[in-house]
Structures are given as C-alpha cells and as structure tokens.
Amino acid sequence: MSEIAADPTHPRYQSLLMRHRLEQAAKKGMLADSALIAHGRGEAFDYLLGEQTIPSALIATKHALGLLMAAERPVLSLNGNAVALAGSELLQLASRLGCPVEINIFYRTPERMEALLTHLHELQSALGLEVPIFGAAPDARIPGLEGPRAKCCKDGIFSADVLLVPLEDGDRCEALVAMGKTVLVVDLNPLSRTAQLASVTIVDELSRVVSNMNELSHQSSEVLMSPSFHNSEVLSSSLDHIAEFLAEKRD
Ligand code: PTJ
C-alpha cells in the first residue's frame with residue numbers, strides 16, 4: 001500500500017483503501033476483467049454525492065436492514081467487487097443476522113469461484129465466524145436468465161425471501177424480483193436499471209453501507225423499518241442531492 005493510502009488522516013484515505021483492496025483482489029484472481037471499470041463508475045457517482053451517506057441512503061439502509069432482520073430466509077449475495085471491498089464486514093453482518101452468504105457472480109469462471117471461496121473461508125477463520133458460505137455447488141437456476149449467471153444454490157439465493165445483492169446487474173435484479181423476492185441493492189448510480197427495479201435501493205458506497213448496517217444491527221427491525229417507505233422517493237432524493245451539489249459547484 002502506498003504511503004498516502006496507509007495514512008488514515010489523508011482526505012482520500014477511504015477511497016485509496018478501497019482501490020488498494022481491489023488491486024489485491026485482482027492479483028488473487030477474484031475479480032471480473034471489468035471490475036475496476038465498474039468501480040470507477042461508482043467513484044464518479046460517489047464524488048457527486050460528496051463521498052458520504054446522504055440522509056435518504058441512511059433511511060434505505062435502515063429499512064433494508066430491518067427487512068433482512070424480519071426475513072424468514074435472508075441471504076447476502078456476494079460478487080467479486082463486494083468480497084474485495086468488504087468481505088470481512090459482510091461476513092460479520094451475516095453472522096449478526098444469522099444468515100448465509102452466497103458467492104454469485106456475473107462473469108462466472110471456475111477459477112474466480114475458487115479464488116473467491118478460498119478468500120472468504122480464510123477471512124471467516126481469521127474472524128472465528130461460522131457463516132454458511134454457498135456457491136461452490138450450484139444446484140438451481142434463476143428462471144428467465146440464460147447462461148452461467150443464472151446458476152445459484154437451492155438452499156441459498158433460490159429459496160431466499162429477502163436478498164441483499166450489492167452491485168447487481170439489471171437483468172438479474174429483474175429476474176429475482178419476478179421470483180417474488182424482496183431485492184435490496186446497493187448502487188451508487190440512482191439511474192441504473194438495477195436501482196430502478198429493486199425493492200430497496202441504497203444509493204451509497206458499499207463499504208459504508210455494510211459498516212452502517214453492522215453499527216445499526218443492535219436495533220430492532222420495527223425501529224429500523226419505515227412504514228411509509230417508497231423506493232421512488234429514495235431515488236429522487238438522491239438525484240436532488242446530486243443536483244444541489246452541482247448547483248453549489250457552479251455558483
Ligand atoms: O464479480 P462479478 O462477475 O459479479 O462482476 C461484478 C461487476 C461489478 C463487474 C459487474 O456486476 C458489473 O459489470 O457491474 P456494472 O453493470 O458495471 O454495475 C456496477 C454498478 O455498481 C454501477 O452502477 C456502479 O455505479 C455501482 N458501483 C460500483 N462500485 C460501487 C458501486 N455501488 C456502490 N458501491 C461501490 N463500491
């Protein structure tokens with residue numbers, strides 16, 4: 001890690017740390033070829049949001065956490081970027097929720113699956129947790145999707161009622177919603193198809209979201225959930241925030 005990235009007082013510390021985590025994950029063969037491009041797109045939106053958790057994102061985070069707590073079969077679906085950026089923190093969240101995680105990647109190769117599963121198992125033993133980790137032996141398919149990206153596990157994603165799917169793609173989000181699942185996504189781009197299709201969209205950076213969820217996890221689901229939650233309001237509020245940010249910069 002560069003000297004700047006190792007200094008927590010540096011203003012860009014968090015952003016440099018995330019880049020460093022992605023670089024390390026790429027070296028281990030965990031990431032899709034386009035992972036850094038996807039991250040760069042996320043960084044651009046994060047800049048426009050002021051690299052912070054905006055109030056509407058906190059409301060969505062709380063609501064999503066409440067739904068996960070109240071679910072019968074919650075599952076955290078993890079892709080390459082999610083494991084690289086917040087693997088330990090996601091395992092801690094799953095442990096607190098008492099739910100499994102499933103490695104489910106868009107650009108699926110046996111080599112990447114192996115690298116991601118090995119990494120998660122290493123993190124899990126370092127943390128001393130016992131979270132069920134699915135993904136090694138998919139035995140079900142998400143209806144309506146072609147190819148390897150439809151593969152999933154019967155006891156994991158396939159039978160989940162509430163799913164957290166950070167950085168999901170639009171087609172899969174749509175297919176999961178069509179299965180009747182409550183789909184909670186984390187996406188810095190409020191205009192993406194995924195953001196528009198999900199049951200709950202958290203317009204915030206993934207590592208901040210997971211850290212917020214871990215901090216809030218001692219609260220009850222009743223306290224966390226908003227009875228009048230509307231995802232469209234969360235999306236328009238994040239667009240308003242970006243518009244205000246741009247207007248301030250122009251003045
Ligand atoms: O590991 P795989 O094979 O499942 O592939 C993962 C990626 C992310 C490469 C794949 O899902 C992909 O290509 O994603 P997209 O279609 O580029 O979408 C990524 C979305 O996530 C974009 O809307 C970004 O703005 C957003 N994003 C990127 N980094 C973050 C993020 N949102 C929240 N936190 C981030 N750190």
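The coordinates are above.
Residues numbered from 1 in each chain as written. Predicted model: local features only at pLDDT ≥ 70, side-chain atom pairs only at ≥ 80, totals over all residues. Heavy atoms only, no water.

Trainee: Please set out the site of the ligand residue by residue, giving values where relevant.
Mentor: The full set close to the ligand counts 23 residues, and Phe106, Tyr107, Arg112, Asp187 and Glu205 are the nearest of them. Contacts to the ligand include Arg112, whose side-chain N or O atom sits 2.7 Å from an oxygen atom. In isolation the ligand exposes 750 Å². Once the protein is present, 92% of that is buried. Among the detected pockets, the ligand sits in the largest pocket. At the level of secondary structure, the elements contributing two or more residues to the shell around the ligand comprise helix 2 (35–48) and helix 4 (80–97). In terms of residues, the shell around the ligand owes the most to one element, helix 2, which gives 5 residues. (Near = heavy atom within 4 Å. Polar contact = N/O pair within 3.5 Å; in protein donor to acceptor, adjacent residues only side chain to side chain. Areas by Shrake-Rupley, 256 points an atom, 1.4 Å probe, with all protein chains shown as cover. 1 Å grid on protein atoms, 1.4 Å probe; cavity = no way out; pocket = protein on both sides within 12 Å on 5 of 7 lines; lining within 4 Å. Sits in = over half its atoms within 2 Å of the grid points. Helix = DSSP H or I, 4+ residues; strand = E, 2+ residues; numbered from the N terminus.)

Trainee: So what's going on with the nonpolar core? Residues and values would help.
Mentor: Soluble globular proteins tend to pack their nonpolar side chains together in the buried interior. One finds Leu76, Val101, Leu120 and Met213 to be the most contacted residues of the largest nonpolar core, which totals 53 residues. Here this core gets 10 residues from one element, more than from any other, and that element is helix 4. Sequence-distant contacts of Val101, that is, excluding residues within four places in its chain, are made with Leu76, Leu78, Leu91, Ala94, Leu120, Val131, Pro132, Ile133 and Phe134. (Core = buried A, V, L, I, M, F, W, Y, C linked by side-chain atoms within 4.5 Å. Buried < 20%, exposed > 50% of the residue type's maximum accessible area, 1.4 Å probe, protein only. Contact = heavy atoms within 4.5 Å.)

Trainee: An account of the sheet that holds strand 8 (residues 200–202) is requested, with residue identities and associated values reported.
Mentor: Strand order in the open sheet made by the 6 strands is 3-2-1-6-7-8, with parallel pairing throughout. This sheet does not close on itself; its edge strands, each paired only once, are strand 3 (133–134) and strand 8. Against the sheet, helix 4 makes contact with strand 1 (74–78), strand 2 (101–103), strand 3 and strand 6 (162–166), and its axis sits at roughly 170 degrees relative to strand 1, the strand it touches most. Set on the sheet, helix 6 (residues 170–178) makes contact with strand 6 and strand 7 (182–186); between it and strand 7 the angle comes to about 155 degrees. (Pairing = 2+ DSSP bridges. Axes fitted to C-alpha atoms, helices over the stretch in contact; angles between N-to-C directions.)

Trainee: Before we move on, could you go through the packing of helix 4 against helix 8 (residues 206–216) and cite the residues and values that matter?
Mentor: At a closest axis distance of 9 Å, the pairing of helix 4 and helix 8 adopts a crossing angle of 15 degrees. Taken together, helix 4 and helix 8 sit at an angle that is classed as roughly parallel. For the pair helix 4 and helix 8, the crossing hand works out as left-handed. Contacts from Ala82, Leu85, Ala86, Glu89, Leu90, Gln92, Leu93 and Arg96 in helix 4 reach Leu206, Ser207, Val210, Met213 and Asn214 in helix 8. Partitioning the contact of helix 4 with helix 8 into residue classes produces 8 nonpolar, 3 polar and 2 charged. (Parallel < 35°, antiparallel > 145°, perpendicular 65-115°, else oblique. Left-handed = near helix turned anticlockwise from the far one by under 90°. Nonpolar A, V, L, I, M, F, W, Y, C, P; charged D, E, K, R; others polar.)

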